[in-house]
Amino acid sequence: MLTLYHSQPTGNSYKVRLLLSILQIPYTAVEIDIFNGENKNAAYQRINPLGKAPALRLEDESILTESNAILSYLASGTEYFPSDALLRARVLQWMFFEQRSHVPYIGVARFQMHLLKKTPRDDDLAIWNLHGNIALEIMNRHLAKAWWLAADAFTIADIALYAYTHVAPEGGFDLSKYRGVQQWLERIESRPGYVPLMQTPPVTSRFLE
Amino acid sequence: MRFYDYGPSQNCFKVRLLAAHLGVALQIVPVSIFKGEAASPEFLAKNPMGTVPLLETDSGECLTESNAILTFLAEGTPYMPREGMPRAQVTRWLMFEQRSIQTSISRLRYWTLTGKLGEFGREIATARALGNRALDVLDAELGKKPFIAGDSYTVADISIFAYSHVAADAEFDLPSRANLTEWFDRIRGQPGFKGEVVPYSTDPYSNKKLTFAL
């Protein structure tokens, strides 16, 4: 059985749980309490020296980190990650965009404001707002003409970008300006296997040193 | 295949380096990004984000994002494992490059070399801290294995090499990270390696503001 080391409220961990649910793959979820430094302790450092969640442990004990790499691994051979070279590259194109242009602003703003409950500095807020809204506008323009981001069908690119976009208001973003994005969020939420961000996985335990 | 290229961009460098290893001839179309050529209607029709690099296939399909272009061109070659965990590890480091190097070393180097550092306040310290953490992670990983994703040279090495080996341009300390600098040399020794870095000074417009599509 797969083991997913995850942090329930973060978008990066949620992506993987959402895909596992859609694929109906059973797994053991091990909650890492990143808010109390559990990710920095020696036992977890052996699993992921970078001290980040999520991390996926396979049956042969090997470990895979980086949420989008985990998505691409789990979805290989399924309809959610096309095997055609060009389509596959288009899926990755949106996932690279997510890591460089979306998460550092929308994900970080939500993490600081909603999860850490910090009052942001004005200059940080200005940077998150500027770049986060550019990312949302790019998505919105695309979704005004297409149902899904990377292909004619729902793929892991949609899962990757859904994770932090649907909770962007928790980072101070106003999604009502982005009608295409809002309708796309609804399409994802009505798909079979959809689970909300705070839904606890069926088999779950706490990480113990 | 046409490759829309801007010389001093290390994201474009990645694609040129892989093409050299593969012996693939790309038809280079130079794009003067600081003159606004990436924001022209013709270019935006190919890439609504208005960025280079951009690859246009012979059938007219366009692909953006340097790391996506790398995976596309490397498909079926030794530079991109076909499947399973070896492939996932390459993807893992390509994602790391986007999240931890593009947002730090790339931006700082660009601001430094084009005289734009003064326009940025808070972002400089954030980028410097993130960049130093990324270089430490790489140095530690490369103490355990010859290449970043394992035993063989892949597009993950090409991608990360592009900005990390010129990080000194943004005043990051490289000599103190010996595993990293030894890996630079290992990459330079790969068959077909071609690593010309084009200075921003070759572009008289590079001190201008970038014209964004949005």
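Look up: the structure comes first, before these words.
All values reported here derive from a predicted model rather than from experimental measurement.

Draft legend 1. Seen up close, the interface of chain B and chain A. Counting residues at the interface gives 32 residues for chain B and 38 residues for chain A. Around 3300 Å² of area is buried between chain B and chain A when both sides are counted, 67% of it from carbon and sulfur atoms. Our count for the chain B to chain A interface comes out at 3 salt bridges. Note that glutamate 65 of chain B is salt-bridged to arginine 100 of chain A, the shortest N-O span being 2.8 Å. Inspection of the region where chain B meets chain A yields 8 residue pairs in polar contact (both at pLDDT 80 or more). Counting residues per element, the side of chain B that touches chain A draws most heavily on helix α4 (residues 84-113) of chain B, which supplies 15 residues. Among the residues forming the side of chain B that touches chain A, the class breakdown is 13 nonpolar, 9 polar and 10 charged.

Draft legend 2. The arrangement of the pairing of strand β2 (residues 27-31) of chain A in detail. Residues and elements named next belong to chain A. Among the 5 residues that make up β2, 5 are buried, leaving the element largely enclosed by the rest of the structure. When strand β1 (residues 2-6) meets β2, the two strands line up parallel, connected through 5 bridges. In the sheet register, leucine 2 faces β2, and the bridge partner there is tyrosine 27. Assessed by its sense of winding, the connection that carries the chain from β1 through helix α1 (residues 11-23) to β2 is right-handed. Both β2 and strand β5 (residues 204-206) contribute to a ladder of 3 bridges, which runs parallel. Paired with valine 30 across the bridge in β5 is serine 205.

Rules used throughout
Residues numbered from 1 in each chain as written. Chains lettered and ligands numbered in written order. Predicted model: local features only at pLDDT ≥ 70, side-chain atom pairs only at ≥ 80, totals over all residues. Heavy atoms only, no water. Contact = heavy atoms within 4.5 Å. Buried area = accessible area lost by both parts, 1.4 Å probe. Salt bridge = Lys/Arg side-chain N within 4 Å of Asp/Glu carboxyl O. Polar contact = N/O pair within 3.5 Å; in protein donor to acceptor, adjacent residues only side chain to side chain. Helix = DSSP H or I, 4+ residues; strand = E, 2+ residues; numbered from the N terminus. Nonpolar A, V, L, I, M, F, W, Y, C, P; charged D, E, K, R; others polar. Buried < 20%, exposed > 50% of the residue type's maximum accessible area, 1.4 Å probe, protein only. Pairing = 2+ DSSP bridges. Right-handed = clockwise from strand over helix to strand, strands pointing away.

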